[in-house]
Amino acid sequence: MARLITRQEHDPSIVIVGCGLAGLGAAQRLLQHGFSKIRLLEATQRCGGRAWSRQFGKGLVDIGAQWIHGPSKQNAVFHLASQHNLLDEKAMSEDNQAVQRNGQPPDVSTYYTSSGKKVGQEITAPLEELYSTFNARSKKFFQSKTQPVHSLGEFLKLEIARCAEDWKGDEEMCNLKLAVLNTEFKIGCCISGTDSLDLVALQPFGEYVVLPGIDCVFPGGFASLVDAIRRSLPKDIISYDKPVKCIHWNGSFKSPNTPDYSYSILVECEDGETIPADHVIVTVPLGFLKEHYKTFIHPSFPPSKIDSIQKLGFGTCNKIFLEFEEPFWEPESQLIRLVWEDESPLFSTRPDLQKEWFRKILGFIILQPMERYGHVILAVLAGEEANYMESLSDCEVKNCLTQIIRKFTGNPLIPPPKGIIRSRWYNDQYTRGSYSYTAVGSSGDDIDVIAQPLPFTSTQGQPLQVLFAGEATHRTFYSTTHGALESGWREADRLNNHYVSLTSVN
Ligand code: 6YU
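Residues numbered from 1 in each chain as written. Predicted model: local features only at pLDDT ≥ 70, side-chain atom pairs only at ≥ 80, totals over all residues. Heavy atoms only, no water.

On any regular strand, side chains alternate: one points to one face of the sheet, the next to the other face. What you see with strand β15 (residues 279-282) is no split at all: His279 and Ile281 on one side and Val280 and Val282 on the other are buried throughout. Here four bridges tie strand β1 (residues 13-17) to β15, and the two strands are oriented parallel to one another. Bridge pairing in β15 places Ile16 opposite Ile281. Pairing analysis gives three bridges linking β15 to strand β24 (residues 466-468), with the strands arranged parallel. For Ile281, the partnering residue across the bridge sits in β24 and is Leu467. (Buried < 20%, exposed > 50% of the residue type's maximum accessible area, 1.4 Å probe, protein only. Helix = DSSP H or I, 4+ residues; strand = E, 2+ residues; numbered from the N terminus. Pairing = 2+ DSSP bridges.)

Here it is, written out as structure tokens:
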């Protein structure tokens, strides 16, 4: 077994790959623990990763993470945002923090159908409730040893089919109800960042923890949090435009500054620079790892890690923001849902992407308050359709959405939007999608395997050479910013605990 070196003997050099919330959180925490030789390497020209606010309309819009999911005391992002005073009064109120929403979408939905009619609340409200009951039921399988089917989608369809039996007397109403329920599936795909709920594993689904609190946004965008963390770090700690090509580990690498000392790690950057280090914290997205696991690390990942990287799901959820001269929506609307009358969760077919990609849009979220954003609405869509949308031009997307808005509102005179901005997370070479989910065939154990540092055992070399953080490494908060931030803190604490234990032994 290798001799373990204390912090007193050698101040360890730590490289953090990726400057999203996980990387920033890890750096912040390491500094608090007194580590000083830290370097953050970021492939792009900015920090924040999937937390990215951009100028649009009257203010800033978030083209990645937008809401604090479950803004309450246990939420790391909420905690930090409160410390920096970044949230408004409503979000900070005890009342807001106490509400248990179970991750449901905003309250006031207006439903429009593809034949330009509104669907009354007397029809939609009970259906929303029904779906919410099914959703809650699906989470119970996490505690149980058996499951009726493998996927969330299959389970929900079984439940819906059972109800539809009772609706059969009135075929028209039955079809409308199924079409309304289909909008829930599209929302579900966006929540899980997946192409289809049939890909989401049923049993582990309930392991994701929904924190209390009504989801809230940052008035200054997620960038306000990213900036607050960045400002708390020493200047020059971050190197931008610095993609890492390969992490060499379990080696014996020299540095010209310390010729008598050997480092286990050598971080090789795309620009040719090589950086010796004692530890590296990898925070690159799972989408990047899926694409590059064969070459990103040498010696290669153990087979169990590769297996988990491949099995865990990572899909696309994209956003399209549209700015209008005047609002066409009712002032109290929070979400306009699009009900395609010929759709049903019970009869889904593979879409012709070119002709039908826009059908996957769940609807339009109205950005409020208007004084902050202007007249801006947000279309969200997931899966293959979201990937396809990225191949179109702004003009094509804008025209298509104008037609949809006119069709569903029944008002052919609504003028086209004056501006558009959208995300392209699938084609982002350093992300390759939006966020992770437990796909059929995977479970929370895979998340833990991905999070496990290398080497797996101390007999295989210096411990904690390569550590892993990022949203996809958080077993109960995966896919979120608070999961990402906590994972960075976790790995910083892991390193600190390691050195503390060495000091107490000596
Ligand atoms: C949240 C929300 N949210 C919408 C959309 C997206 C995401 N999320 P990062 O990628 O940030 O950082 C890695 C860095 O590494 C990055 O900067 C790279 O450039 C860099 N890098 C890569 N390769 C490199 C290399 N080789 N060398 C050097 N650097 C390299 N989360 O809390 N609220 O509203 C949303 C949303 C469109 C895309 C979101 C949301 C997810 C978060 O954005 C994401 O988890 C974190 O930002 C990731 O941080 P990180 O540091 O790990 O990676 C029931 C149930 C089901 C479970 N799901 C429920 C929750 C659903 C999530 N919510 C989604 C909703 C929206 C709208």
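This paragraph deals with the domain arrangement of the protein. Size of an interface, as often reported, equals the accessible area lost when the parts are brought together. Each assigned domain of the protein is listed here: domain 1 (13-50 + 222-313 + 433-505) and domain 2 (102-209 + 317-422). Computed from C-alpha atoms alone, the centre-to-centre distance between domain 1 and domain 2 is 35 Å. Across the boundary between the two partners, domain 1 contributes 16 residues, which contact 17 residues of domain 2. Of the roughly 1,300 Å² buried where domain 1 meets domain 2, counting both sides, 53% is carbon and sulfur surface. When the buried surface of domain 1 facing domain 2 is broken down by residue, Tyr435, Tyr437 and Val440 rank first, second and third, together holding 44% of it. One can count one salt bridge joining domain 1 with domain 2. Residue Arg475 pairs with Glu207 through a salt bridge whose shortest N-O separation is 2.7 Å. Inspection of the domain 1/domain 2 interface yields seven residue pairs in polar contact (both at pLDDT 80 or more). Broken down by class, the residue content of the side of domain 1 that touches domain 2 amounts to six nonpolar, nine polar and one charged. (Domains from an automatic or database assignment. Contact = heavy atoms within 4.5 Å. Buried area = accessible area lost by both parts, 1.4 Å probe. Salt bridge = Lys/Arg side-chain N within 4 Å of Asp/Glu carboxyl O. Polar contact = N/O pair within 3.5 Å; in protein donor to acceptor, adjacent residues only side chain to side chain. Nonpolar A, V, L, I, M, F, W, Y, C, P; charged D, E, K, R; others polar.)

Here the focus is the packing of aromatic side chains. The final tally for this structure, using the stated rule, is 16 aromatic pairs. Residues Phe288 and Phe296 carry aromatic rings whose centres are separated by 5.3 Å and whose planes lie at 80 degrees to one another, so their mutual orientation is edge-to-face. Phe296 sits in the buried class, given a relative accessible area of 2%. Among the aromatic side chains, those forming a connected cluster through ring pairs are Trp340, Trp357, Phe358 and Phe408. Between Arg7 and the ring centre of Phe35, over which it is positioned, the NZ or CZ distance is 3.7 Å. (Phe/Tyr/Trp six-rings, centres within 6.5 Å; stacked < 30°, edge-to-face > 60°. Lys NZ or Arg CZ within 6 Å of the ring centre and 35° of its normal.)

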